[in-house]
Amino acid sequence: MGSAARGKVKDRFPFGVFLDLDDTPGVNGFVDLLSYNPDGTINAPEAPPVPLPEVGETVAGTVAMHVDRDRQIRIRVGAPFLRES
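Keep in mind that this is a model prediction, so the values were computed, not measured.

**Some points on the packing of aromatic side chains**
Okay, so step 1: Overall, the coordinates contain four aromatic pairs when judged by the stated rule.
Okay, so step 2: Relative to Phe 18, the ring of Phe 13 has its centre 6.0 Å away and its plane inclined at 90°; by these criteria the two rings are edge-to-face.
Okay, so step 3: With a centroid separation of 6.2 Å and 45° between ring planes, the pair formed by Phe 15 and Phe 30 is classed as tilted. Within this pair, whereas Phe 15 is found in the loop between β1 (4–13) and β2 (16–21), its partner Phe 30 is found in strand β3 (residues 28–32), the two being separated by 15 residues in sequence.
Okay, so step 4: Accessibility expressed as a relative area gives 46% for Phe 15, which makes it partly exposed.
Okay, so step 5: Members of the aromatic cluster, connected to one another through ring pairs, are Phe 13, Phe 15, Phe 18 and Phe 30.

Next comes the structure, spelled out in structure tokens:
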């Protein structure tokens, strides 16, 4: 966890996107809606929702979690939604 990850969006849903990862064939990347915060505004109440990337777009972020049984890593883009106080 904490390492960089990059891939292209292969599927897009209202709750998040699945990625084909550049350097990890056979492992899926997933970015959920609350983990996609490229401009850092998700915590600002007046900020409009950030649209998820489209199929084919490249996404780069940080590995936040690994799920062995699904061969999936969860990726965070930008600042975390919940910040420690």
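**A short note on the pairing of strand β6 (residues 72–78)**
Looking down a regular strand, the side chains alternate between one sheet face and the other.
Okay, so step 1: Strand direction decides the pairing type here: β3 and β6, joined by three bridges, are parallel. By the bridge assignment, Phe 30 is partnered in β6 with Arg 74.
Okay, so step 2: Across two bridges, the pairing between strand β4 (residues 36–37) and β6 is parallel. The residue of β6 that forms the bridge with Tyr 36 is Val 77.

**Concerning the pattern of salt bridges**
Okay, so step 1: Per the counting criterion, the structure on display carries four salt bridges.
Okay, so step 2: Note that Arg 6 and Asp 22 form a salt bridge whose closest N and O atoms lie 3.3 Å from each other. Highlighted residues: Arg 6 in strand β1 and Asp 22 in the loop between β2 and β3, separated in sequence by 16 residues.
Okay, so step 3: Here Arg 6 falls in the partly exposed class, since its relative accessible area comes to 48%.
Okay, so step 4: The residue Arg 74 makes a salt bridge to Asp 32 at a minimum N-O spacing of 3.9 Å.

**Here we look at the pairing of β1**
Okay, so step 1: Bridge count for β1 against strand β5 (residues 58–67) is five bridges, and the pairing is antiparallel. Among the inter-strand pairings, Ala 5 is bridged to a residue of β5, identified as Gly 61.
Okay, so step 2: The pairing of β1 with β2 spans six bridges and is antiparallel. Looking at the pairing, Val 9 lines up with Leu 19 of β2.
Okay, so step 3: The antiparallel pairing of β1 with β2 creates a hairpin that spans two residues between the two strands.

**Concerning the nonpolar core**
Okay, so step 1: In this structure, Leu 19, Val 31, Ile 73 and Ile 75 are the most contacted members of the largest nonpolar core, which totals 15 residues.
Okay, so step 2: Among all residues touching Val 31, those that are not within four sequence positions of it are Phe 15, Gly 16, Val 17, Leu 19, Tyr 36, Val 59, Ile 75 and Val 77.

The rules we used
Residues numbered from 1 in each chain as written. Predicted model: local features only at pLDDT ≥ 70, side-chain atom pairs only at ≥ 80, totals over all residues. Heavy atoms only, no water. Phe/Tyr/Trp six-rings, centres within 6.5 Å; stacked < 30°, edge-to-face > 60°. Helix = DSSP H or I, 4+ residues; strand = E, 2+ residues; numbered from the N terminus. Buried < 20%, exposed > 50% of the residue type's maximum accessible area, 1.4 Å probe, protein only. Pairing = 2+ DSSP bridges. Salt bridge = Lys/Arg side-chain N within 4 Å of Asp/Glu carboxyl O. Core = buried A, V, L, I, M, F, W, Y, C linked by side-chain atoms within 4.5 Å. Contact = heavy atoms within 4.5 Å.

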